[in-house]
Structure formats: C-alpha cells, structure tokens
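These are the residues of each chain, in order.
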Amino acid sequence: WRNRCAPSSRPDFSLEQAVTALQAVRDLTIGFVIEEQHRASGESGEYDPERRRLLVPVERYPLTAAASEPLFGPPDQRFENELGLVVADVGTHLP
C-alpha cells in the first residue's frame, strides 16, 4: 500500500482536483450528519413514514411515494450510496 500512497513524479490528479475531491467528501459527510441529527431530534414530522403516507397519497403521487424509501431508508445505506456516487465520479477523472 505504500507504493500506492507514495508521491509520484506523475500524479493522477492535480492538487486542485485532489483538494476538491476531499472537500466534496467532507461536505457530504458533514451535511449528512447534520441532516441525520435533525431527523433523529423528532423536530420535524416530515421524516415519519406514517405521516408521509398521509401527506403523500400513493394513488395521487406514486413516484413521490416510491421515492420515500431511498430518501428515508436506513441512514448507513443512504450514506454508503451517496458516498459511492461521489467516489465513482472522482474515479471518472482518472487517466
């Protein structure tokens, strides 16, 4: 693993790209944690699945109702999915 982490004379990323990638991961992580703390506080009923079913009738808004599971599913899985998208995008910039 040391060879993979050692500086090279031909870096795959510019310093600006590397910093931007780290900032994106940091910002996603901080925002996710803040949002989860708000959800856990119970201050907003919009995260309660039963209340959402009443507010968003499946017959009238089937797509919105279907999106509730990925939007409000288990936090660990949501974070993994979201971080995976960021990492996958960063990977598209490798030579």
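Cut-offs used in this document
Residues numbered from 1 in each chain as written. Predicted model: local features only at pLDDT ≥ 70, side-chain atom pairs only at ≥ 80, totals over all residues. Heavy atoms only, no water. Helix = DSSP H or I, 4+ residues; strand = E, 2+ residues; numbered from the N terminus. Expected span 1.5 Å × (residues − 1). Buried < 20%, exposed > 50% of the residue type's maximum accessible area, 1.4 Å probe, protein only. Contact = heavy atoms within 4.5 Å. Salt bridge = Lys/Arg side-chain N within 4 Å of Asp/Glu carboxyl O.

Q: Just checking my understanding: could you explain helix H2 (residues 15–41) for this structure?
A: Residues three or four positions apart in an α-helix share a direction because the helix packs 3.6 residues into each turn. With 27 residues, H2 should cover 39 Å at 1.5 Å per step; its first-to-last C-alpha distance of 39 Å lies within 8% of that length. Those residues of H2 that sit buried are Ala21, Leu28, Phe32 and Glu36. Elements that come into contact with the buried residues of H2 comprise helix H5 (75–91). Gly42 sits one or two residues past H2 and shows a positive phi near 75°.

Q: Explanation requested: the pattern of salt bridges in the structure shown.
A: A side chain with one charge can pair with a side chain of the opposite charge if their charged atoms come near. Inspection of every chain in the model, using the stated rule, returns four salt bridges. Its salt-bridge partner being Arg26, residue Asp27 comes within 2.8 Å of it at the nearest N-O pair. The exposure class assigned to Arg26 is partly exposed, which follows from its relative accessible area of 44%. A cluster of three or more residues bridged by salt bridges with shared partners is formed by Glu35, Glu36, Arg39 and Arg78.

By themselves, these observations are geometric and do not establish any function.
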